[in-house]
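# Summary of structural features
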Amino acid sequence: MDVKQFGKRIIFRREELDLSQKQLADIIHISNIHLSNIEHGKALPSFSTFLDLCAALNVSADYLIAGNVYPELSVELSEKTKRCSDENKIIISKIVDVFLE
């Protein structure tokens, strides 16, 4: 897990919900300093705090850990892609590249 990206996803969602760092820290019962360290990749939350973050930010654990907004869709796409020929996998990759530009 990329702890920097983990923290950035927390910041992004917190700001999306228009919560200050202090407000979120109060909601999940940790210090503002600890939350700051988590958001900047200097610390990881305990399991309990992690679950509280998911609930307070209304996101899945998979989103915070890996950035997957729709984990079931990721699994479905992965399974379908595995069944494709190598030639089709190259085409799929090029299509995805277009969307990422």
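This text gives an overview of the structure that appears in the document. Owing to the predicted nature of the structure, the values given are computational and were not obtained by experimental measurement. (Residues numbered from 1 in each chain as written. Predicted model: local features only at pLDDT ≥ 70, side-chain atom pairs only at ≥ 80, totals over all residues. Heavy atoms only, no water.)

## Considerations on helix α3 (residues 32-39)
Along α3, the residues that are buried comprise Leu 35, Ile 38 and Glu 39. Mapping the buried residues of α3 onto a view down its axis gives an arc of 95 degrees, with all of them on the same face. Along its buried surface, α3 packs onto α1 (3-16), α2 (21-27) and α4 (47-57). Looking one or two residues beyond α3, the residue adopting positive phi is Gly 41, at roughly 75 degrees. (Buried < 20%, exposed > 50% of the residue type's maximum accessible area, 1.4 Å probe, protein only. Helix = DSSP H or I, 4+ residues; strand = E, 2+ residues; numbered from the N terminus. Arc of directions from axis to C-beta. Contact = heavy atoms within 4.5 Å.)

## Side note on unusual backbone geometry
The phi dihedral of His 29 falls on the positive side, at around 60 degrees, and the residue is not glycine. Within the element layout of this structure, His 29 appears in the loop between α2 and α3. The backbone phi angle of Asn 58 is positive, close to 55 degrees, even though this residue is not glycine. By secondary structure assignment, the location of Asn 58 is in the loop between α4 and α5 (61-66).

## Structural notes on the packing of aromatic side chains
For the structure on display, the rule yields one aromatic pair. Note on Phe 6 and Phe 50: the rings are 6.1 Å apart at their centroids and 25 degrees apart in plane angle, and the pair reads as stacked. With Phe 6 in helix α1 and Phe 50 in helix α4, the pair connects residues that are 44 residues apart, well separated along the chain. Take Phe 6 and Phe 50: they sit in the same class, and that class is buried. (Phe/Tyr/Trp six-rings, centres within 6.5 Å; stacked < 30°, edge-to-face > 60°.)

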